[in-house]
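Structure assessment
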Amino acid sequence: MTAPRVLFVCVKNGGKSQMAAGLMRAAVAAHPDRPVEVSSAGTRAGSALNALSVDVLREVGVDIGEERTRQLTDDDVRAADLVVVLGDEARVEPVDGTPVEVWETDEPSARGIEGVERMRLVRDDIAARVAELHGRLTS
């Protein structure tokens, strides 16, 4: 049996999709008997990771500091078993029937929460969703 392939996507591939990918890699490392192949990309990839995203993941033992942003391609979508779009700004069309799931992630800034506190809430929301997805993909 081959490991399921999940592709996380956001607009810039500098924050939410990178966080989700890092958290999924950590879930796989904690459960090597339940592998998932992980990648991430952006619909309009930026040039750098969001520093607060990197920092709040390090707080929970996940290091994405060496990751780089990548532009989404149709081949990326085609190669995935599931595409997960984080947030409501990025748009991904299915390619060759690859399912696309959209996560309407928590946006604390809509409640006036900014900075590191905002990013911790985003991280925790994504972490819970990733844990559920890992279980769903590997059960």
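Residues numbered from 1 in each chain as written. Predicted model: local features only at pLDDT ≥ 70, side-chain atom pairs only at ≥ 80, totals over all residues. Heavy atoms only, no water.

The next point concerns the sheet that holds strand β1 (residues 5–10). In space, the four strands of this open sheet follow the order β2-β1-β3-β4, with parallel pairing throughout. At either end of the open sheet lies a strand with only one pairing partner, and these are β2 (37–42) and β4 (100–103). Between one strand axis and the next, the sheet turns by 25 degrees as a mean value, whatever way the strands run. In the sheet, strand β3 (residues 82–86) pairs with β4 via four bridges, with the strands oriented parallel. Across the sheet, residue Val 85 finds its bridge partner in β4, namely Val 102. On top of the sheet, helix α1 (residues 16–30) reaches β1, β2 and β3; it is set at about 175 degrees to β2, its chief contact. Its contacts with the sheet place helix α4 (residues 115–138) against β1, β3 and β4, and it is angled at close to 150 degrees to β4. (Pairing = 2+ DSSP bridges. Helix = DSSP H or I, 4+ residues; strand = E, 2+ residues; numbered from the N terminus. Axes fitted to C-alpha atoms, helices over the stretch in contact; angles between N-to-C directions. Contact = heavy atoms within 4.5 Å.)

Moving on: the side chain of His 134. Looking at the element boundaries, His 134 is found in helix α4. Judged by relative accessible area, His 134 falls into the buried class, the value being 2%. (Buried < 20%, exposed > 50% of the residue type's maximum accessible area, 1.4 Å probe, protein only.)

For the structure on display, the rule yields one aromatic pair. Ring centres of Phe 8 and Trp 103 lie 6.0 Å apart, and the angle between their planes is 55 degrees; on these two criteria the pair is classed as tilted. Placement of the pair is Phe 8 in strand β1 and Trp 103 in strand β4, with a sequence separation of 95 residues. In this structure, Phe 8 and Trp 103 share a single accessibility class: buried. (Phe/Tyr/Trp six-rings, centres within 6.5 Å; stacked < 30°, edge-to-face > 60°.)

Okay, the pairing of β2 next. As paired strands, β1 and β2 are joined by six bridges and run parallel to one another. Bridging from a neighbouring strand, Val 9 pairs with Ala 41 of β2. After leaving β1, the chain enters α1 and then returns to the sheet as β2, a path that is right-handed. (Right-handed = clockwise from strand over helix to strand, strands pointing away.)

Below, the discussion takes up the environment of Asp 96. With respect to the helices and strands, the residue Asp 96 is situated in the loop between β3 and β4. The exposed category is assigned to Asp 96, whose relative accessible area is 63%. Separated by 17 residues in sequence, Asp 96 and Ala 79 have C-alpha atoms that sit 9.7 Å apart. At 2.7 Å, the side chain of Asp 96 forms a polar contact with the side chain of Arg 78. (Polar contact = N/O pair within 3.5 Å; in protein donor to acceptor, adjacent residues only side chain to side chain.)

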